[in-house]
Amino acid sequence: MQIIRDFQYIEPENRGASVAIGNFDGVHIGHQSVIELARNAAPDAPLGVMTFEPHPREYFAPDAPPFRLMRGNARAHRLEKLGVRKLYELPFNAALAGLTPEDFTRNVICNGLGLSHVVVGADFCFGKGRSGTADDLVRFGQKMGFGVTVAPLMQRSENVVSSTAIRTALTEGRPGDAATMLGHWHRIEGLVIGGEQRGRELGFPTANMSIEGLHPPKFGVYAVLVDVLDGPHQGSYHGAASVGTRPMFQGEVPNIETFLFDFSGDLYGATLSVGLVDYLRPEMTFDGLGGLIAQMNADCDKARTLLGAL
């Protein structure tokens, strides 16, 4: 997959794509249906996605609590798995935010990227002040000579599938419900960083990763599926992970610490993708390390049973 970040200087081979437009946070089943419509709308054109970095919500409210389900690199990995060949990851800045809906359509979609077809969700808004609608885009497409498909909102049970609904499920410790809407396990992806090595001292060496900038799932312990994406230990593993602030040790900054079952090796600097499968318990404090170790053994036993049944 090719990532293109400038709509003003485009090589001829990167024009003419059929593109799904949106933020695609989580790349949930609704997003996937929009991408599939883009694939089918112009089968002979390269399949593309247009998205924005940073997320416009981050741009307009930089001090708001973290809300993203995935970082940009994790989103790119997920889109590549869906067969996306062109990712137009446009820098969201004052110039882009200030374009009127018609100017955005003309300057970015038409003259800039030269797209042949675009697909958006029924709730799509764009342009300065989010004043443009999906119907406006249809009208501009007819005027400027590219096709537009408006995808209906997708529902599961009686609820509309959305990134907001997925965040709620994760906040409430329901990773299985989040996975139903995502079409895949909710994954936290990032580099393994140095920790305080307390897990190693307790007999449970963990791979520590930051969750800074991400919507935090309910703090506690999870059964997880782990993909090591690079390095000598590349592969897939079962494990248990703790998400939170480590109250037993007066932690302050939330992170995720993952213990890989039946693994021996150094993962520092490797990129991990940790899929949350089931919520086992909340964060707890113990009278001593013996109680903590006993609970960790119980957590791992339960996680092994759950993951072994998948």
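What you see is a predicted model, and the numbers here were worked out from it, not measured in a lab.

A. Representation of the environment of A41 within the structure. Topologically, A41 is positioned in helix α1 (residues 29–41). For A41, a relative accessible area of 35% puts it in the partly exposed group. Between the C-alpha atoms of A41 and G98, which are 57 residues apart in sequence, the distance is 30 Å.

B. Main features of the sheet that holds strand β3 (residues 47–53). An order of β1-β4-β3-β2-β5-β8 is seen for the six strands of this open sheet, with the pairing classed as parallel. Two strands close off the open sheet at either side, each with one partner strand: β1 (2–4) and β8 (147–151). For this sheet, the mean angle separating the axes of adjacent strands, direction not counted, is 25 degrees. Across the face of the sheet, helix α3 (residues 72–81) comes into contact with β1, β3 and β4 (86–91) while running at roughly 170 degrees to β3. Against the sheet, helix α6 (residues 134–144) contacts β5 (117–121) and β8, and its axis sits at roughly 160 degrees relative to β8.

C. Layout of the layout of surface pockets. Space inside the largest pocket adds up to approximately 1000 Å³. In this structure, the largest pocket is lined by 38 residues; those nearest its centre are G22, N23, D123, F124 and R130. If you list the elements that add at least two residues to the lining of the largest pocket, you get α1, α2 (56–60), α4 (94–97), β6 (125–126) and α7 (163–171). When the residues that make up the lining of the largest pocket are grouped by side-chain class, the tally is 19 nonpolar, 13 polar and six charged.

Conventions adopted
Residues numbered from 1 in each chain as written. Predicted model: local features only at pLDDT ≥ 70, side-chain atom pairs only at ≥ 80, totals over all residues. Heavy atoms only, no water. Helix = DSSP H or I, 4+ residues; strand = E, 2+ residues; numbered from the N terminus. Buried < 20%, exposed > 50% of the residue type's maximum accessible area, 1.4 Å probe, protein only. Pairing = 2+ DSSP bridges. Axes fitted to C-alpha atoms, helices over the stretch in contact; angles between N-to-C directions. Contact = heavy atoms within 4.5 Å. 1 Å grid on protein atoms, 1.4 Å probe; cavity = no way out; pocket = protein on both sides within 12 Å on 5 of 7 lines; lining within 4 Å. Points joined across faces, edges and corners; volume = space filled by probe spheres on them. Nonpolar A, V, L, I, M, F, W, Y, C, P; charged D, E, K, R; others polar.

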